[in-house]
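Structural overview
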Amino acid sequence: QVQLVESGGGLVQAGGSLRLSCAASGSRFSINAMGWYRQAPGKQRELVAAITSAGSTNYADSVKGRFTISRDNGQNTVYLQMNSLKPEDTAVYYCNVRFYNGGFYWGQGTQVTVSS
């Protein structure tokens, strides 16, 4: 059974930093893409950043230059370093993992709150 365990959310002042991590386990298949999404109250879930197995990255325009996604393939873990946080970054952040067999899984979500 695939499990995704997220950590690193919390409360931070505007301009501060947080680092999210998400560790995947339980699959015999290799991981293709990994990513982070977020959902603010009353809004749709949106892509924040994604990274392929080859290391190619993609970011939402709103976080470019402030957030960095990375992954440790040996540990099946994806990270999101978030700097210069803004109140509009407040949301529940979800990691997402796609395996080469087509399996697609979500983490449980971690709350990020940025105070002004």
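Let me begin by describing the structure that accompanies this report. Every value quoted in this text rests on a predicted model; they were computed, and no experiment measured them.

**Brief notes about the state of the cysteines**
- Evaluation of the coordinates by the stated rule reveals one disulfide.
- Residue Cys22 pairs covalently with Cys95 via a disulfide, S to S 2.0 Å. With Cys22 in strand β3 (residues 18–25) and Cys95 in strand β9 (residues 91–99), this residue pair connects regions lying 73 residues apart in the sequence. Across this residue pair, the class does not change: Cys22 and Cys95 are buried.

**Focus: the pattern of salt bridges**
- Counted according to the given criterion, the structure contains four salt bridges.
- For the salt bridge of Arg38 with Glu46, the shortest nitrogen-to-oxygen distance reads 2.7 Å.
- Close ionic contact of Asp89 with Arg38 constitutes a salt bridge, the shortest N to O distance being 3.0 Å. Here Arg38 lies in strand β4 (residues 31–39) and Asp89 lies in the loop between β8 (77–82) and β9, a separation of 51 residues in the sequence.

**Concerning the side chain of Arg71**
- Of note, Arg71 is situated in strand β7 (residues 67–72).
- The side chain of Arg71 sits in the buried core without any salt bridge; Asp72 is the nearest counter-charge, 8.2 Å away.
- Of the polar contacts made by the side chain of Arg71, one reaches the backbone oxygen of Asn32; its length is 2.8 Å.
- Here Thr52 takes part through its backbone oxygen, which lies 3.0 Å from a polar atom of the side chain of Arg71.
- Residues in contact with Arg71, not counting those within four places in the same chain, are Ile31, Asn32, Ala33, Met34, Ile51, Thr52, Ser53, Thr77 and Val78.

Cut-offs applied
Residues numbered from 1 in each chain as written. Predicted model: local features only at pLDDT ≥ 70, side-chain atom pairs only at ≥ 80, totals over all residues. Heavy atoms only, no water. Disulfide = S-S within 2.5 Å. Helix = DSSP H or I, 4+ residues; strand = E, 2+ residues; numbered from the N terminus. Buried < 20%, exposed > 50% of the residue type's maximum accessible area, 1.4 Å probe, protein only. Salt bridge = Lys/Arg side-chain N within 4 Å of Asp/Glu carboxyl O. Lys, Arg positive; Asp, Glu negative; His and termini not counted. Polar contact = N/O pair within 3.5 Å; in protein donor to acceptor, adjacent residues only side chain to side chain. Contact = heavy atoms within 4.5 Å.

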